[in-house]
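Topology and contacts: notes
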Amino acid sequence: MSLWEDLVWRGLVQDRSQGLGASALAAPITLYAGYDPTAPSLHAGNLQLIITMRRFRDAGHRVIALAGGGTGLIGDPSGKNAERALHDEATIEAWATRIEAQIRRLLGDDAIYENNRSWLEPLTAIDLLRDVGKHFPMGYMLAKESVKTRVHGEGMTFTEFAYMLLQAYDYAQLYERHECRLQIGGSDQWGNITAGVEFLKRTQRHGAYGMTTPLLLRADGQKFGKSEEGAIWLDPERTSPYAFFQFFLNTADDQVGTLLRRLTLLSRDEIEELEAAPPESRTAQRALAEHLVGIVHGDEGLREAREQTEALFGGRGEAEAVPVARDALSSWPAVFVAAGLVSSLSEARRLIKGGGLYAGEERVTEATPLPELGADDVLLLRKGKRERRAVRPET
RNA sequence: GGGGGGAUGUCCGAGUGGUUAAAGGAGACGGGCUGUAAACCCGUUGGCAUUGCCUACGCAGGUUCGAAUCCUGCUCCCCCCA
């Protein structure tokens, strides 16, 4: 199966410019995807695009990961219904560095890493207006979906309006520097991507394509990659390999096939076999979770995630216990707060009243006595069915 | 420059002097049913405290026995005209 056929089968092609297809990808080409450093880490929702780049790379194409060190200072209006808050340069640079390191782990060192700050910073206002802006008729820009929705809604400043010029300029720079011929991105990037393709065409630089992948949504249409705790980050400091594993293990049945196709590097045969497994066995969820933890956190992370899952849910092996100060062991609510399972004593009290907290397999009630913990004892706590954590007295 | 509208809890959104920790919806969380699914039903959803207190309706003051609701100033946003 060719790369293109594979992408189509996986449901990864949402929009594409004319002429992009199997034949355009027959010979190796150079492509890029950009990311704006608007957070200190990538999250699960960013995975689809990076894995898609990985597919291109594995098929022999050359991929460029472009950090938006410059554009991140402006703020992309796409997919947003309100003006973005601007961060300062130092923050953006620091985030860009961290994110690049994360992408390197997923794409390897043979990918090309660029930062558009290196050409946007020296770009003068005159250059931008003469060399780029001249090729953008107002009607064309105003017709963009990202502009229309904002102009008729919350409003938009010139800063964000001009964003598409910068992204088009990026594409042109990469076209010149690396003979980049394809830009890929999430479907909210389609407007910016076509602006780039259009700009190249108008400046006599031919053979440039664009493609987008569909937005990854949960079955109920909500944004993907968020849990009760907030986003599922790729940074193990923010979201442990165990929590990352649990997030994917809890994938709904009707979504697991989609995620296997879009996010994993498993083959079509492997995926179809997993989809055929009885849903109650959760084989597909387990395979998904293990595969992704492996890709993102490596063998070591996968081992940790498995061990913790086994210890907390299977009752075997040793769970990593959160050390809790002695005086927090004075009441059940305090213990659960210290363990990080609930955010306040009030919440803990409410949950106890509702029967949602457990110590070991015992439901905690107001009458449940607190156990006497020796220095080496570990107490298994549980909130509901899915969240578990072990604690031990602080020494 | 002129005129008008707006800022409410995680989000959307009611509320225009009193029983409002603030309707309703969404989301989230818990319980039940299950498979650490989905759907569905029930409950909870500011904090601290064993029925009381504190904090909260853009910010800062003021009026009042009492304000999210009235007044003043400020900040930010939107729309229209120039």
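Not measured: the values here are computed from a predicted model. (Residues numbered from 1 in each chain as written. Chains lettered and ligands numbered in written order. Predicted model: local features only at pLDDT ≥ 70, side-chain atom pairs only at ≥ 80, totals over all residues. Heavy atoms only, no water.)

Moving on: the sheet that holds strand 1 (residues 15–16). Reading across from one edge, 1-6-5-2-3-4 is the order of the six strands in this open sheet, with mixed pairing throughout. Of all strands in the sheet, those bounded by a partner on one side alone are strand 1 and strand 4 (112–115). Examined bridge by bridge, strand 3 (residues 62–67) and strand 4 share four bridges and lie parallel to one another. In the strand pairing of strand 4, Ala-65 is matched with Tyr-113. Contacting strand 1, strand 5 (180–186) and strand 6 (209–213), helix 10 (residues 190–202) crosses the sheet at an angle of about 170° to strand 6. (Pairing = 2+ DSSP bridges. Helix = DSSP H or I, 4+ residues; strand = E, 2+ residues; numbered from the N terminus. Contact = heavy atoms within 4.5 Å. Axes fitted to C-alpha atoms, helices over the stretch in contact; angles between N-to-C directions.)

Moving on: the sheet that holds strand 13 (residues 387–393). Sheet strands line up and pair through hydrogen bonds in the backbone, either parallel or antiparallel. In spatial order, the strands read 9-13-12-10-11; together these five strands make up an open sheet with mixed pairing. Every interior strand has two partners, whereas the edge strands, strand 9 (321–324) and strand 11 (362–363), have only one. Relative to strand 12 (residues 379–383), strand 10 (residues 357–359) runs antiparallel, the two being bridged by three bridges. If you follow Ala-359 over to strand 12, its bridge partner there is Leu-381. Helix-sheet contacts for helix 15 (residues 332–339) involve strand 9, strand 10, strand 12 and strand 13, and the interaxial angle to strand 12 is about 85°.

The subject of this paragraph is the pairing of strand 2 (residues 30–35). The buried fraction of strand 2 is high, at five of six residues. Of the strand pairs in this sheet, strand 2 and strand 3 are connected by six bridges, and their pairing is parallel. Across the sheet, the residue bridging to Tyr-35 is Ala-67, located in strand 3. Taken together, strand 2, helix 2 (residues 47–58) and strand 3 constitute a β-α-β crossover, and its handedness is right-handed. (Buried < 20%, exposed > 50% of the residue type's maximum accessible area, 1.4 Å probe, protein only. Right-handed = clockwise from strand over helix to strand, strands pointing away.)

By the element assignment, Arg-205 lies in the loop between helix 10 and strand 6. The exposure class of Arg-205 is buried, given its relative accessible area of 18%. Within the structure, the side chain of Arg-205 is placed 3.1 Å from the side chain of Thr-203, a separation counted as a polar contact. If we ignore the near neighbours within four places in the chain, the residues touching Arg-205 are Ala-172, Tyr-175, Glu-176, Phe-199 and Leu-200. (Polar contact = N/O pair within 3.5 Å; in protein donor to acceptor, adjacent residues only side chain to side chain.)

Further remarks concern the protein's contact with RNA strand B. In the neighbourhood of RNA strand B, 31 residues make up the surrounding shell, with Asn-250, Asp-253, Ser-346, Arg-349 and Lys-385 lying closest. Ser-346 is positioned with one of its side-chain polar atoms (N or O) 2.3 Å from a phosphate oxygen of RNA strand B. Between RNA strand B and Arg-349 there is a distance of 2.3 Å, counted from a phosphate oxygen to a side-chain nitrogen or oxygen. Of all the secondary structure elements, the ones that give two or more residues to the surface near RNA strand B are helix 11 (241–249), helix 14 (283–313) and helix 16 (345–354). Residue contributions to the surface near RNA strand B peak at six residues, all from helix 16. (Near = heavy atom within 4 Å.)

What follows deals with a positive patch on the surface. Among the surface-exposed residues, Arg-282, Arg-286, Lys-385 and Arg-386 lie close enough to one another that they form a single positively charged patch. Looking at where Arg-386 falls in the secondary structure, it is placed in the loop between strand 12 and strand 13. (Patch = residues over 30% accessible without salt bridge, like charges linked within 9 Å, V, L, I, M, F, W, Y side chains within 5 Å. Areas by Shrake-Rupley, 256 points an atom, 1.4 Å probe, with all protein chains shown as cover. Salt bridge = Lys/Arg side-chain N within 4 Å of Asp/Glu carboxyl O. Lys, Arg positive; Asp, Glu negative; His and termini not counted. Charge placed at Lys NZ, Arg CZ, Asp CG, Glu CD.)

Moving on, we get to the domain arrangement of chain A. Interface size is commonly expressed as the accessible surface area that is lost when the partners come together. Assigned domains of chain A: these are domain 1 (3–213), domain 2 (240–314) and domain 3 (322–393). Placing a centre on the C-alpha atoms of domain 1 and another on those of domain 2 gives a separation of 30 Å. Each partner contributes residues to the interface: domain 1 has 13 residues there, and domain 2 has 16 residues. Around 1300 Å² of area is buried between domain 1 and domain 2 when both sides are counted, 62% of it from carbon and sulfur atoms. For the domain 1 face of the interface with domain 2, the top three residues by lost area are Trp-9, Arg-10 and Leu-47, together amounting to 46%. Put simply, domain 1 and domain 2 have zero salt bridges between them. At the junction of domain 1 and domain 2, the tally comes to eight residue pairs in polar contact (both at pLDDT 80 or more). (Domains from an automatic or database assignment. Buried area = accessible area lost by both parts, 1.4 Å probe.)

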